[in-house]
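Per-entry structural report
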Amino acid sequence: MAFSVSSMEMVPYIPDDPVAAEAEILAGIRRGDDAAFNLLVRWHCGRMYAVAKRILRDDAEAQDATQEAFTMAYKAIARFDGRSKLSTWLHRITVNAALMRLRKTKRLREVSIEDTQPKFDDTGHRRDVGPAWKQTAQDEALATERAGKVHEAIAQLPDSYREVIMLRDIQQLDTDQTAEALGIKSGAVKTRLHRARLALRELLDPYMAGEATW
Amino acid sequence: MITCKECIEFLDDYIAGDVSPAALENFEKHLALCPPCRDFIESYRKTIEETRCACSEPDEQVGCDDVPPTLISAIIESRKLDREPDA
């Protein structure tokens, strides 16, 4: 399909048939059709920008993250295999770009996975038992604050652990799909996922147990 | 009976429902007697739930209406600049 000149307009694009549009746009981008890329931007930019703003809470930073996400997506689009929806794939790339920007702007340090795992004594009992997590309120402001803590925690994970969380817990691929996407064995995915979740739990613990406000 | 360490190592499979009946029985016997592990499991579940919630995809309906027009043009222009030369 050849895209018309009107696709260059900077207005939202909402296709009548998203499945057909996705296939046509992907084919267009892969053969270097500028108009196809423009349509992709006009179709998905709003959702990607909204996600980046939710994570970064700053318009300028969110714009930079969205731009970075499109650059990453363009470079990786040859590897997009259609296993998930294009919008879901773009969402993951955007979350990742925004989290990396968050890590930089908030100067968050990457944690050591070993340091964030539960500690046990010689008899197998936990040495670091703290208070139980409080019930989470449905209040919107608190939910936003809680989401901010989660974003910061994910941003502190080492790349290989963050990737697994992104694919398994956010994109919700299964273990085998994640293993294939990352080029590692299924057993390694399971181990990394468990350790990443334990690390996130540990990072969120002071806030969720009400011991600290961060 | 399994220890807290074994219980936590086993947690991922337990939550995924990927355990044998015998292992499940051992696990649940431990939980019945260990409030800290029960709390830990709840916090582990909550971690997964909060992660999904914090990073969920927005509605399909979200369009470009709130996007600064300069952002769309900046993305398109930067792509042209970044484009690798044909091999």
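Because the structure is predicted, anything quoted here is derived from the model rather than measured.

Criteria and thresholds
- All residue numbers refer to positions counted from 1 along the written sequence of the respective chain.
- Throughout, the order in which chains and ligands are written sets their labels, letters from A for the former and numbers from 1 for the latter.
- Residue-level local features of this predicted model are given only where pLDDT is at least 70; pairs of side-chain atoms are given and counted only at 80 or more, and the full residue set underlies all totals for whole chains, interfaces and linings.
- Excluded from the side-chain calculations are hydrogens and water; all other atoms, namely the structure's heavy atoms, are used.
- Only runs of H or I of at least four residues qualify as helices and only runs of E of at least two qualify as strands under DSSP, and these elements are numbered from the N terminus.
- Partly exposed describes any residue whose relative accessible area lies between the buried limit of under 20% and the exposed limit of over 50%, with all areas from a 1.4 Å probe on protein chains only and scaled to the type maximum.
- Contacts are assigned to residue pairs that have any heavy atoms within 4.5 Å of one another.
- Accessible surface area values rest on a Shrake-Rupley calculation with a 1.4 Å probe, where residue burial reflects the displayed protein chains alone.
- Grid points spaced at 1 Å over the protein atoms alone were grouped into cavities, where a 1.4 Å probe fits but cannot get out, and pockets, open sets with protein on both sides within 12 Å along at least five of seven lines, with lining residues defined by an atom within 4 Å of a point.
- Grid points are joined across faces, edges and corners, and a volume is the space filled by probe spheres set on the points.
- Residues are grouped as follows: nonpolar covers Ala, Val, Leu, Ile, Met, Phe, Trp, Tyr, Cys and Pro; charged covers Asp, Glu, Lys and Arg; every other residue, Gly included, is treated as polar.
- The split of the chain into domains comes from an automatic or database domain assignment.
- Take the accessible area each of two parts loses on contact, using a 1.4 Å probe, and add the two losses: that sum is the buried area.
- Salt bridge, as applied in this entry: a Lys or Arg side-chain nitrogen positioned within 4 Å of an Asp or Glu carboxyl oxygen.
- Under the rule applied, a polar contact is a pair of N or O atoms within 3.5 Å (in protein, one hydrogen donor and one hydrogen acceptor; residues adjacent in sequence only if both atoms are side-chain atoms).

A count of helices and strands for chain B gives five helices and zero strands. Relative to its 87 residues, chain B shows a buried fraction of 39%. Residue pairs at least 24 apart in sequence account for 55% of intrachain contacts in chain B once pairs closer than 6 positions are excluded. As presented, chain B carries roughly 5000 Å² of accessible surface, and 51% of it is formed by carbon and sulfur atoms.

Moving on: the layout of surface pockets. Computed from the structure, the largest pocket encloses a volume of approximately 540 Å³. Along its surface, the largest pocket is lined by 19 residues, and A:Ala76, A:Arg79, A:Trp89, A:Arg92 and A:Ile93 are the ones closest to its centre. Those elements giving two or more residues to the lining of the largest pocket turn out to be helix 3 (59-76), helix 4 (86-105), helix 6 (159-170) and helix 7 (175-182) of chain A. When the residues that make up the lining of the largest pocket are grouped by side-chain class, the tally is 11 nonpolar, three polar and five charged. Looking at which domains feed residues into the lining of the largest pocket, each of domain 1 (8-107) and domain 2 (135-214) of chain A gives three or more. What the second largest pocket holds in volume is close to 350 Å³. Secondary structure elements with two or more residues in the lining of the second largest pocket: helix 5 (140-155) of chain A together with helix 4 (35-54) of chain B. Counting residues per element, the lining of the second largest pocket draws most heavily on helix 5 of chain A, which supplies six residues.

With that settled, the discussion passes to empty space enclosed by the protein. Tallied over the entire structure, the rule returns three cavities of 30 Å³ or more. Residue lining of the largest cavity: 13 residues in total, with A:Arg126, A:Gly130, A:Pro131, A:Arg201 and B:Asp39 positioned closest to the centre. At the level of elements, helix 8 (186-208) of chain A together with helix 4 of chain B are the ones that each hand at least two residues to the lining of the largest cavity. Among the elements that line the lining of the largest cavity, the one with the most residues is helix 4 of chain B, at four residues.

Another point: the interface of chain B and chain A. Listed per partner, the contact involves 46 residues of chain B and 55 residues of chain A. Overall, the association of chain B and chain A removes approximately 4700 Å² of surface from exposure, summing both partners, and the carbon and sulfur fraction of that is 64%. The three residues of chain B that bury the most area against chain A are B:Cys55, B:Glu57 and B:Arg79, which together make up 13% of that side's buried surface. Linking chain B to chain A there are six salt bridges. A salt bridge links B:Glu50 to A:Arg146; the nearest nitrogen and oxygen atoms lie 3.0 Å apart. For the pair chain B and chain A, the interface holds 17 residue pairs in polar contact (both at pLDDT 80 or more). Only helix 1 (4-9), helix 2 (11-16), helix 4 and helix 5 (69-82) of chain B provide two or more residues apiece to the side of chain B that touches chain A. Within the side of chain B that touches chain A, the residues separate by chemical class into 19 nonpolar, nine polar and 18 charged.

Further remarks concern the environment of B:Ser20. All names here are of chain B. Tracing the backbone shows Ser20 in the loop between helix 2 and helix 3 (21-33). Its relative accessible area of 38% is what places Ser20 among the partly exposed residues. With 17 residues separating them in the primary sequence, Ser20 and Thr3 have C-alpha atoms 18 Å apart. Separated by 3.1 Å, the side chain of Ser20 and the backbone nitrogen of Ala23 make a polar contact.

Take the side chain of B:Glu50 next. Turning to its location among the elements, B:Glu50 is positioned in helix 4. Classification of B:Glu50 by relative accessible area gives buried; the value is 6%. At 3.0 Å, the side chain of B:Glu50 forms a polar contact with the side chain of A:Arg146.

This paragraph deals with the domain arrangement of chain A. Residues and elements named next belong to chain A. Partitioning chain A into domains gives domain 1 (8-107) and domain 2 (135-214). Taken together, the 15 residues of domain 1 in the interface contact 19 residues of domain 2. Here domain 1 packs against domain 2, burying approximately 1400 Å² in sum over the two surfaces, 58% of which is carbon and sulfur. Summed over the shared surface of domain 1 and domain 2, the number is two salt bridges. In this structure, Lys106 and Glu152 form a salt bridge, with 3.1 Å as the shortest nitrogen-oxygen distance. Counting across the interface, domain 1 meets domain 2 through seven residue pairs in polar contact (both at pLDDT 80 or more). Among the elements of the structure, helix 2 (34-56) and helix 4 are those that each provide at least two residues to the side of domain 1 that touches domain 2. No other element matches helix 4, which puts nine residues into the side of domain 1 that touches domain 2. The class makeup of the residues in the side of domain 1 that touches domain 2 is five nonpolar, four polar and six charged.

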